[in-house]
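# Fold and contact review
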Amino acid sequence: MDMTMETCRKFVEVLASDAPAPGGGGAAALVGAIGTALGNMVGSLTVGKKKYADVEAEIIDLKAKCDALQKELLDQVEADEVNFLPLAKAYGIPKDDPNRDKVMEEATIIACSTPIKIMELCCQAIDYIKVFADKGSRLAVSDAGCGAVICKAALQAASLNVFINTKSLKNRDVAEDMNRHANVMLNKYGQLADEIFNTVKAGFGQ
């Protein structure tokens, strides 16, 4: 089931249930899309304003990128479910089954792929939001700040869905490569999101 086609209330209801998905990854993807949309809203409120005519072409281009990014993040809600279910099933394999370790290893790597993707998309979103915060309408700059911190939360949430799985991988080289990639994104873009938030906050004299 594509949970993004359900109501917000239904999504939250299923999220709170014992269903294997959506879980943290799907929630992170949805939250990332919301954060991206907040940045995109700043763009929508900038286009067509004489005061921002010199950046209008750049903002229009950025809005198109955010439109695509929002959709891609929402697509990850279902992708996370599809890629997690093989791992959920693998846990049911008897421990004395000689194929269990191999199946678990492969399923775990697949399960990591979507939260890694969500993190990458959130990083793109934070880059775009930085431009909206710097060049977009001052009347909506608070929404850029909100978008930045929301995307940071999605980034962090997705990372935990990577780390819980890489911890159990037998192939430590693969695990450490994934961990390294995730930590680089966390450090770089967590800091950038904080900078956006602090700059926006400072603009309000706080």
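Criteria and cut-off values
- Residues numbered from 1 in each chain as written.
- Predicted model: local features only at pLDDT ≥ 70, side-chain atom pairs only at ≥ 80, totals over all residues.
- Heavy atoms only, no water.
- Helix = DSSP H or I, 4+ residues; strand = E, 2+ residues; numbered from the N terminus.
- Contact = heavy atoms within 4.5 Å.
- Core = buried A, V, L, I, M, F, W, Y, C linked by side-chain atoms within 4.5 Å.
- Buried < 20%, exposed > 50% of the residue type's maximum accessible area, 1.4 Å probe, protein only.
- Expected span 1.5 Å × (residues − 1).
- Polar contact = N/O pair within 3.5 Å; in protein donor to acceptor, adjacent residues only side chain to side chain.

## Side note on the environment of A28
Assignment of secondary structure puts A28 in helix α2 (residues 24-44). Separated by 175 residues in sequence, A28 and G203 place their C-alpha atoms 29 Å apart. Once residues within four sequence positions are removed from consideration, A28 is found in contact with I118, A154, A157 and A158.

## Section: the nonpolar core
Across soluble globular proteins, you tend to see nonpolar side chains buried next to one another. Core analysis: the biggest nonpolar cluster contains 44 residues, and L73, I118, M119, I126, L155 and I196 have the highest contact counts within it. For this core, the secondary structure elements donating two or more residues are α1 (8-15), α2, α3 (56-90), α4 (100-135), α5 (141-166) and α6 (172-202). Broken down by element, this core gets its largest block of residues, 12 residues, from α4. Apart from residues no more than four positions distant in its own chain, L73 is found in contact with A29, G32, A33, T36, I118, L121 and C122. Formed by 6 residues, the second largest nonpolar core is a distinct cluster that contains I93, M104, A107 and A111.

## As for unusual backbone geometry
P22 follows A21 through a cis peptide bond whose omega is 0°. Mapped onto the secondary structure, P22 falls in the loop between α1 and α2.

## Some thoughts on α6
Since the α-helix turns once every 3.6 residues, residues separated by three or four places project in the same direction. For α6, which comprises 31 residues, the first-to-last C-alpha distance of 44 Å matches the rise-based estimate of 45 Å (1.5 Å per residue) to within 8%. Of the surrounding elements, those touching the buried residues of α6 are α4 and α5. Looking at where α6 begins, the residue whose side-chain oxygen comes 3.1 Å from the main-chain nitrogen of D173 is N171.

Honestly, it's all geometry; don't read function into it.
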